[in-house]
Amino acid sequence: VQPGPPDGKPYGNTSYFPGVPAGLDAAVSHPNDGKSIYFFKNSEYWKYDMAVGAVLHGYPKKYGGSTGLWPGIPASVDAAMPHWNDGSSIFFFKGQSVYKYNIDSGASEQGYPRLYGTGTEDFQGVPHNLSAGGFNRCGETGPPQFGAKPCSSTCCDGDEDDRRRRLSRDGD
């Protein structure tokens, strides 16, 4: 069951996230600031501050291409999730490719994009038809603010097989 906003309405364009449009491509919590959520739609993104309860001034902004924002990340991503334990990376999914972006350095990681899913090294068993979603650092669906379990020492310290089991379980 996917957690949802307390009013039971879909995210975007509701009183829960004022200023965020409906029909999002992806949403992801900031991997280390504990208060920001990025919402992506087409070639624009919104930064929402949970502490303030509003989209920050100056948003939406264009990203990708020649904008210099989120370099190396294509427009209209299919899904996004923060890295489960490094506190600085976000994975973006588009088509059959995964992109890894380091939010601290403001750059895409070397070696990306790469193919993901069955028959590849990355995200075995994850289908290529992902849609807007996010995971907290432990692979639980939704950032902790949306009702997902917060990381525990056993969750984030798990080995690669533990991570695969969590991702597989979430897909069931």
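Just so it is clear, the model here is predicted, and its values are computed rather than measured.

A.B. asks: Just checking my understanding: could you explain the packing of aromatic side chains for this structure?
C.D. replies: Aromatic ring pairs are reported here in terms of the distance separating the ring centres and the angle at which the planes meet. Summed over all chains, the structure comprises 19 aromatic pairs. Their ring planes at 75° and their centres at 5.4 Å tell us that tyrosine 45 and tyrosine 59 sit as a pair that is edge-to-face. Of this pair, tyrosine 45 sits in strand β3 (residues 44–49) while tyrosine 59 sits in the loop between β4 (54–55) and β5 (61–62), and the two are 14 residues apart along the sequence. Classification of tyrosine 45 by relative accessible area gives buried; the value is 5%. For the pair tryptophan 70 and phenylalanine 92, a centre-to-centre distance of 5.5 Å together with 80° between the ring planes defines the contact as edge-to-face. Of this pair, tryptophan 70 sits in the loop between β5 and β6 (79–82) while phenylalanine 92 sits in strand β7 (residues 89–94), placing them 22 residues apart in sequence. The two residues tryptophan 70 and phenylalanine 92 agree in class, both being buried. Grouped by ring-pair contacts, the aromatic residues Tyr38, Phe40, Tyr45, Tyr59, Tyr63, Trp70, Phe92 and Tyr101 constitute a single cluster.

A.B. asks: Looking at this model, I keep getting lost on the side chain of lysine 47. Mind explaining?
C.D. replies: Within the element layout of this structure, lysine 47 appears in strand β3. For the buried lysine 47, no salt bridge exists, and the shortest N-O distance to an oppositely charged side chain is 4.8 Å, to aspartate 33. For lysine 47, the contacting residues outside a window of four places in its chain are Ser36, Ile37, Tyr38, Ala54, Val55, Leu56 and Tyr59.

A.B. asks: Please explain the confidence of the model for the chain as it appears in this structure.
C.D. replies: When pLDDT is low, close inspection of the predicted coordinates is not appropriate. When pLDDT is averaged across the chain, the result is 74; 67% of the residues are at 70 or more. In the model of the chain, helix α1 (residues 153–156) stands out as the element of lowest mean pLDDT, 36, in contrast to β5, which has the highest, 96. Taken together, the stretch residues 1–13 has pLDDT below 50 and engages in 22 contacts with residues farther than four places along the chain or on a different chain.

A.B. asks: What is the right way to look at the nonpolar core in this model?
C.D. replies: One finds Phe40, Trp70, Ile73 and Phe92 to be the most contacted residues of the largest nonpolar core, which totals 15 residues. Taken together, the elements giving at least two residues each to this core come down to β1 (26–29), β2 (36–41), β7 and β8 (97–102). In this structure, isoleucine 73 is in contact with Tyr63, Gly64, Phe92, Tyr99, Tyr101 and Ser108, ignoring residues within four places of it in sequence. Ranked by size, the runner-up nonpolar core spans 10 residues in total, among them Val98, Tyr112, Tyr116 and Phe123.

A.B. asks: Honestly, the pairing of β7 in this entry has me stumped. Any pointers?
C.D. replies: Judged by how many residues are buried, β7 sits mostly within the fold: 5 of 6 residues are covered. Bridge count for β6 against β7 is 4 bridges, and the pairing is antiparallel. Bridge pairing links proline 82 to isoleucine 90 in β7. Counting the residues between successive antiparallel strands, the hairpin from β6 to β7 contains 6 residues, one of them, glycine 87, with a positive phi of roughly 70°. Strand direction decides the pairing type here: β7 and β8, joined by 6 bridges, are antiparallel. Across the sheet, isoleucine 90 pairs through a bridge with tyrosine 101, a residue of β8.

A.B. asks: Sorry, what's going on with the environment of phenylalanine 17 here?
C.D. replies: Inspection of the secondary structure puts phenylalanine 17 in the segment before β1. Its relative accessible area of 0% is what places phenylalanine 17 among the buried residues. Spatially, the C-alpha atom of phenylalanine 17 lies 7.8 Å from that of tyrosine 48, the residues being 31 residues apart in sequence.

The rules we used
- Residues numbered from 1 in each chain as written.
- Predicted model: local features only at pLDDT ≥ 70, side-chain atom pairs only at ≥ 80, totals over all residues.
- Heavy atoms only, no water.
- Phe/Tyr/Trp six-rings, centres within 6.5 Å; stacked < 30°, edge-to-face > 60°.
- Helix = DSSP H or I, 4+ residues; strand = E, 2+ residues; numbered from the N terminus.
- Buried < 20%, exposed > 50% of the residue type's maximum accessible area, 1.4 Å probe, protein only.
- Lys, Arg positive; Asp, Glu negative; His and termini not counted.
- Salt bridge = Lys/Arg side-chain N within 4 Å of Asp/Glu carboxyl O.
- Contact = heavy atoms within 4.5 Å.
- pLDDT = per-residue confidence, 0-100.
- Core = buried A, V, L, I, M, F, W, Y, C linked by side-chain atoms within 4.5 Å.
- Pairing = 2+ DSSP bridges.

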